[in-house]
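Next come the chains, spelled out residue by residue.
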2 protein chains.
Amino acid sequence: MPKLVAGDIALALKKRISDGEWENGRMPPERDLADEFKVARNTVRRAVGLLEEDGTVVRQVGRGTFLAAPDPNSLAAVVARMEGTSPADMMEVRHLLEPAAAAFAATNATIGELNAVRDAYRTACEATDMPGFEHWDAEFHHRIFACSRNEFLKELHNLMRILRNQSPWFEMKKRSFSEERRLAYCDEHEKIVDALLRRDPEAARAAMTAHLGTVARNLLGR
Amino acid sequence: MPKLVAGDIALALKKRISDGEWENGRMPPERDLADEFKVARNTVRRAVGLLEEDGTVVRQVGRGTFLAAPDPNSLAAVVARMEGTSPADMMEVRHLLEPAAAAFAATNATIGELNAVRDAYRTACEATDMPGFEHWDAEFHHRIFACSRNEFLKELHNLMRILRNQSPWFEMKKRSFSEERRLAYCDEHEKIVDALLRRDPEAARAAMTAHLGTVARNLLGR
DNA sequence: CTAGATTGGTCCATTATCGGTTCAGATAGA
DNA sequence: TCTATCTGAACCGATAATGGACCAATCTAG
């Protein structure tokens, strides 16, 4: 009888896949499936062939059959996609987060934390080489997030910092670096520090917004 | 036997490491592990090789295999810390990002994307069970980020969605769910959709801000 | 300081398991 | 009957695991 068993099995397999069976990403060998479905291996092969055609599954000789769709909503997949973030997108998000973080810091920081921010600012000012300045500049921004009293915000900045330290970014930052711009950044940092020490959230927000505007212009070249 | 034993062993070892076994920082010799897992040493070597690749472990000839000092600035560590994010911190960040995303969407979305947002809104309205509503509610918010024309922003929302789908959050959302609140959310979603379809960024931003205010009150109980 | 034990690094022939292919036959429906 | 499908079996080539040997670096006991 043309039972269409293969099609049925393909459907059953799809269901079991979407139900999360075989979360390790590996399907059982065709011979085992044949036993389980009480069917010849060729039939299972047809069924799996259908899954392979529509991309649900990938087969490798000598290794096995694997689920093709690594869950696009997994943490790993999300982070992997973030690694391709464009500078423009990144700057846009920084504009959303950093001024707010500065405002939070102005109201929430302890005096010790503010001193740490000021120290990072000063060290950055004294660093004349590009990697040294880059490091303390990042540290300056990070310490502001650190006193925003929002752990998640702080970790988001950590995330952005890591992404910005990867290869394509480093080249871009090196290209856009100049002594003149370094001094401009120091000026702007100083305004931010002043606002924080005055405990003035709106001034801190405004100073940070202005600073990010400069950074964006320099980095994106406009 | 190509059963991919090495990968399984690598996973088992990772689990035992994160469970705090070998706190002295030293792993057993490969030969012992081979005995323990009833497997050839070459197989264990492969497994440990995987751990070495992703930096969980360091091997030294003649000395042994040692747990690598966890780098607090690694992506993995950052993500791990994010898993402990408090609802209050999360809501604060949502307040920073989502209104902006809605405003971006109002100006940048294609008509097809806006229809997708509207569809998600409608489906959520029709879902009366809590998991179904929860899913389409998340989908609604996600589709707004998807048409913000900022890939990084979109992935950040993906990240937040994953964090919010973990165990402590699920309980909290279930507790705060009620038919009355579901209807209120639908009303607010409608206002957002309207603003998007009118291509009015400021109205979209305001509607989203109002909605998040409601969510925060319900979730944090104030 | 030296000899021996321990550990990871490398290599290789062998064996087992996997998907890929083919084919002759059985079985049902048009 | 003709056609499509499943059966059962054999064989191929790819890949992983086995089990053993030997090397080089390191540590320890005498």
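Predicted model only: the values in this text are computed from it and were never measured. (Residues numbered from 1 in each chain as written. Chains lettered and ligands numbered in written order. Predicted model: local features only at pLDDT ≥ 70, side-chain atom pairs only at ≥ 80, totals over all residues. Heavy atoms only, no water.)

Details of the nonpolar core
Note that soluble globular proteins tend to have their nonpolar side chains buried in a common cluster.
Move 1: One finds Leu-159 of chain A together with Leu-159 of chain B to be the most contacted residues of the largest nonpolar core, which totals 97 residues.
Move 2: Counting residues per element, this core draws most heavily on helix H5 (residues 87–108) of chain A, at 11 residues.
Move 3: Beyond its immediate chain neighbours, meaning those up to four positions away, Leu-159 of chain A contacts Met-82 of chain A together with Leu-75, Val-78, Met-82, Leu-156 and Leu-159 of chain B. (Core = buried A, V, L, I, M, F, W, Y, C linked by side-chain atoms within 4.5 Å. Buried < 20%, exposed > 50% of the residue type's maximum accessible area, 1.4 Å probe, protein only. Helix = DSSP H or I, 4+ residues; strand = E, 2+ residues; numbered from the N terminus. Contact = heavy atoms within 4.5 Å.)

Comments concerning the sheet that holds strand S1 (residues 26–27) of chain A
Residues and elements named next belong to chain A.
Move 1: Here we have 3 strands laid out as an open sheet, ordered S1-S3-S2, and antiparallel in their pairing. Of all the strands in the sheet, the pair left with one neighbour each is S1 and strand S2 (57–60).
Move 2: Its contacts with the sheet put helix H3 (residues 41–53) on S2 and strand S3 (64–67), and the angle it makes with S2 is roughly 120 degrees. (Pairing = 2+ DSSP bridges. Axes fitted to C-alpha atoms, helices over the stretch in contact; angles between N-to-C directions.)

Regarding the protein's contact with DNA strand D
Move 1: In the vicinity of DNA strand D lie 28 residues, with Val-5, Asn-42 and Thr-43 of chain A together with Asn-42 and Thr-43 of chain B positioned nearest.
Move 2: When atoms of DNA strand D within 4 Å of the protein are sorted by moiety, sugar and phosphate together comprise 69%.
Move 3: Contacts to DNA strand D include Arg-46 of chain A, whose side-chain N or O atom sits 3.4 Å from a phosphate oxygen.
Move 4: A distance of 2.3 Å is found between a phosphate oxygen of DNA strand D and a side-chain nitrogen or oxygen belonging to Thr-43 of chain B.
Move 5: Of all the secondary structure elements, the ones that give two or more residues to the surface near DNA strand D are helix H1 (5–18) and H3 of chain A together with helix H1 (5–18) and helix H3 (41–53) of chain B.
Move 6: Looking at side-chain class alone, the surface near DNA strand D contains 15 nonpolar, 6 polar and 7 charged residues. (Near = heavy atom within 4 Å. Polar contact = N/O pair within 3.5 Å; in protein donor to acceptor, adjacent residues only side chain to side chain. Nonpolar A, V, L, I, M, F, W, Y, C, P; charged D, E, K, R; others polar.)

Quick notes on the side chain of His-141 of chain A
Residue and element names in this part refer to chain A.
Move 1: Mapping His-141 onto the fold places it in helix H7 (residues 130–146).
Move 2: Within the structure, the side chain of His-141 is placed 2.8 Å from the side chain of Glu-98, a separation counted as a polar contact.
Move 3: Apart from residues lying up to four places away in sequence, His-141 is in contact with Arg-94, Glu-98, His-157, His-189, Met-208 and His-211.

A closer look at the domain arrangement of chain A
Move 1: Its domain assignment divides chain A into domain 1 (5–67) and domain 2 (76–220).
Move 2: Using only C-alpha atoms to locate each centre, domain 1 of chain A and domain 2 of chain A end up separated by 50 Å. (Domains from an automatic or database assignment.)

What to know about the interface of chain B and chain A
Move 1: Counting from both sides, the interface comprises 33 residues of chain B and, opposite them, 34 residues of chain A.
Move 2: With both sides pooled, the region where chain B packs onto chain A buries about 3,000 Å², and carbon together with sulfur makes up 71% of that total.
Move 3: Per-residue buried area on chain B facing chain A is highest for Leu-75, Leu-96 and Phe-152 of chain B; these three make up 23% of the total on that side.
Move 4: Counting the contacts that link chain B with chain A gives 2 salt bridges.
Move 5: Top element by residues in the side of chain B that touches chain A is helix H8 (residues 151–164) of chain B. It accounts for 11 residues. (Buried area = accessible area lost by both parts, 1.4 Å probe. Salt bridge = Lys/Arg side-chain N within 4 Å of Asp/Glu carboxyl O.)

Focus on the sheet that holds strand S2 (residues 57–60) of chain B
Move 1: Spatially, 3 strands are ordered S1-S3-S2 (chain B) in an open sheet, and the strand pairing comes out antiparallel. Lying at the two open borders of the sheet, with one neighbouring strand each, are strand S1 (26–27) and S2 of chain B.

A look at unusual backbone geometry
All names here are of chain A.
Move 1: Positioned with a positive phi, Arg-149 is a non-glycine residue whose angle comes to about 65 degrees.
Move 2: Along the chain, Arg-149 falls in the loop between H7 and helix H8 (151–164).
Move 3: A positive phi angle, close to 60 degrees, is found at Arg-199, a residue other than glycine.
Move 4: Mapping Arg-199 onto the fold places it in the loop between helix H10 (179–197) and helix H11 (201–220).
Move 5: For Arg-199, a relative accessible area of 35% gives the class partly exposed.

Focus on helix H4 (residues 75–82) of chain A
Move 1: Those residues of H4 of chain A lying buried are Leu-75, Ala-77, Val-78, Val-79 and Met-82 of chain A.
Move 2: Where H4 of chain A is buried, its residues touch H8 of chain A together with helix H4 (75–82) and H8 of chain B.

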